[in-house]
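One letter stands for each residue in the lines below.
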Amino acid sequence: MAEATGATIKTQLEAGSYPDNTLSADNIFDYAQYEARRKYPSCEVVVVQPESTTETKKSTEKTVAYEIRYYTRNLGARTDEAATQKSVEDVILAQIESMVLQDHKVVLESKQWTRQQVQRAGSHPAYLVSTLRVTVRNIVTTTATADGTLKFKLTGSTVDNAPGGDYTYTNVFDVDLASGYRDVEEGYVGSNIPLHFAGHIQGSFVCSIMVNAADMGTTGEKINKMDKLTALGEKPEYRFEYTNKTADESTITNVFDCEIDRVQALYRTNDGVVFRLIAKLISDITVTIS
């Protein structure tokens, strides 16, 4: 994935059309100048927050921040200086807004100007500095250790183009398992209280999977194949093993067979691509704890 750097931002800024006697390729730098040797006017591009991450079990947010600082020396013509400063700021902002800072699932792109008047100190002249802080945040697949894992079990599954072995889905969350049997009532003469009999099994399995390339493919366990019929025109049967951690750090394991009723593809703003599986149980759930 492409990510802007000080050098690429410098190149982007050099392409702007600035007022005379302000910025050009000769006074735009991709590093901070020493104060005593700073050029006026000049522009610096500095990475002030290198790539940082915030991880959850669901996804990882990557944040990068840059500062673009435009310096001009005070010459006394304050009104004209402020107008020229604003013109340069507008060009810098336009150049940054036309640039791709990240190319994958950007959820935040903040650009904020501040302007500061710095008074003369010792031998250093008074100057004006405009600072554009650019913050970019995007979403990628989490690398955090999942509490729960979902595994396709080859033994017990009936799918076309079966894989060579079991497969573990990389990022599964919001799992909902329900099981039981239908209740069949039957009335009889002499009583208003019906008899109750066990009917067919009823149960459901619902989960969300944050999709990456490994979860898609041509074999039967892949998410994009789950809602397809077999060559015989039947629904495939899946055996899944779902494990999760209990509050006392034990591991609980659920093994069950199901048929996929439907697969929902959820393309949400500010989120990764999520496929939601909705399945009907065709077996009891075998639960073990260790």
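Right above here is the structure, for reference.
Here goes a summary of the coordinates provided. (Residues numbered from 1 in each chain as written. Predicted model: local features only at pLDDT ≥ 70, side-chain atom pairs only at ≥ 80, totals over all residues. Heavy atoms only, no water.)

## Let's talk about the pattern of salt bridges
Between side chains of opposite charge, a pair can form when the charged atoms approach closely. Formally: We define a salt bridge as a contact between a side-chain nitrogen of Lys or Arg and a carboxyl oxygen of Asp or Glu at a distance within 4 Å. Counting from the N terminus, the helices are the DSSP runs of H or I reaching at least four residues and the strands are the DSSP runs of E reaching at least two. Here's how the labels work: a residue is buried when its accessible area is under 20% of the maximum for its type, exposed when over 50%, partly exposed in between, all with a 1.4 Å probe on protein chains only.
Within this structure, the stated rule accounts for 15 salt bridges. Among the salt bridges present, the one from Arg 69 reaches Glu 44, with a minimum N-O distance of 3.6 Å. One end of the pair, Arg 69, is in strand S3 (residues 59-73); the other, Glu 44, is in strand S2 (residues 42-55), with 25 residues separating them in the sequence. Each member of the pair Arg 69 and Glu 44 is classed as buried. Arg 239 is the partner of Asp 257 in a salt bridge, and the nearest nitrogen-oxygen pair spans 2.7 Å. Taken together, the residues span a long stretch of sequence, with Asp 257 in strand S11 (residues 251-266) and Arg 239 in strand S10 (residues 238-245) at a distance of 18 residues. Overall, the relative accessible area of 28% leaves Arg 239 in the partly exposed class. One network of salt bridges, in which partners are shared, links Arg 38, Glu 44, Glu 67, Arg 69 and Arg 133.

## A look at the nonpolar core
Test applied: Grouping buried Ala, Val, Leu, Ile, Met, Phe, Trp, Tyr and Cys residues that are joined through side-chain atoms within 4.5 Å yields what is termed a nonpolar core. Here, two residues are considered to be in contact whenever any of their heavy atoms come within 4.5 Å of each other.
Of all hydrophobic cores here, the largest spans 24 residues; its most connected members are Tyr 169, Phe 205, Phe 240 and Cys 258. Those elements that provide at least two residues to this core are strand S6 (149-152), strand S7 (167-169), strand S9 (191-210), S10, S11 and strand S12 (274-281). For Cys 258, the residues in contact, after removing those within four places along its chain, are Phe 205, Pro 236, Glu 237, Tyr 238, Phe 240, Ala 279, Lys 280, Leu 281 and Ile 282. Counting residues in each nonpolar core, the second largest holds 21 residues, with Val 45, Tyr 66, Val 88 and Ile 96 among its members.

## Section: the side chain of Ser 250
Counted only if it meets this: Pairs of N or O atoms within 3.5 Å make up the polar contacts considered here, provided that, within protein, one atom can donate a hydrogen while the other can accept it, and that residues adjacent in sequence are counted only when both atoms are side-chain atoms.
Here Ser 250 is to be found in the loop between S10 and S11. Residue classification places Ser 250 among the buried residues on the basis of a relative accessible area of 17%. Within the structure, Ser 250 has its side chain in polar contact with the side chain of Asp 248 (distance 3.1 Å).

## A closer look at the state of the cysteines
Applicable threshold: Here, the term disulfide refers to a pair of cysteine sulfur atoms separated by no more than 2.5 Å.
Tallied over the full model, the rule gives zero disulfides. Not part of a disulfide, Cys 258 finds its nearest cysteine sulfur in Cys 207, a span of 8.9 Å.

## Describing the packing of aromatic side chains
Rules: Any two rings among Phe, Tyr and Trp, with Trp reduced to its six-membered ring, count as a pair given centres within 6.5 Å; such a pair is stacked if its planes are under 30 degrees apart, edge-to-face if over 60, and tilted if neither. In this scheme, the term charge over a ring applies when either NZ of a lysine or CZ of an arginine sits within 6 Å of the ring centre and within 35 degrees of the ring normal.
With the rule as written, the count across this model stands at 11 aromatic pairs. Judged by centre distance (5.6 Å) and plane angle (45 degrees), the ring pair of Tyr 40 and Tyr 127 falls under tilted. A residue pair is termed long-range when its members are at least 10 positions apart, and Tyr 40 in the loop between strand S1 (28-29) and S2 and Tyr 127 in strand S5 (residues 127-141) qualify at 87 residues. Taking the relative accessible area as the measure of exposure, Tyr 127 reaches 8% and is therefore buried. Ring centres 5.0 Å apart and planes at 85 degrees place the aromatic pair Tyr 167 and Tyr 169 in the edge-to-face group. An aromatic cluster is present here, built from Phe 152, Tyr 167, Tyr 169, Phe 205, Tyr 238, Phe 240 and Phe 256 joined pairwise through their rings. Its end group placed over the ring of Tyr 71, Arg 38 keeps NZ or CZ at 3.9 Å from the ring centre. The cationic tip of Arg 38 hangs over the ring face of Tyr 127; the distance from NZ or CZ to the ring centre is 5.1 Å.

## A few points about unusual backbone geometry
A cis amide bond links Tyr 40 to the next residue, Pro 41, at an omega of -5 degrees. One can find Pro 41 in the loop between S1 and S2. In this model, Asn 161 sits at a positive phi of 50 degrees, which is unusual for a non-glycine residue. As for its position among the elements, Asn 161 is in the loop between S6 and S7. Look at Glu 249: it is not a glycine, yet its phi comes out positive at around 70 degrees.

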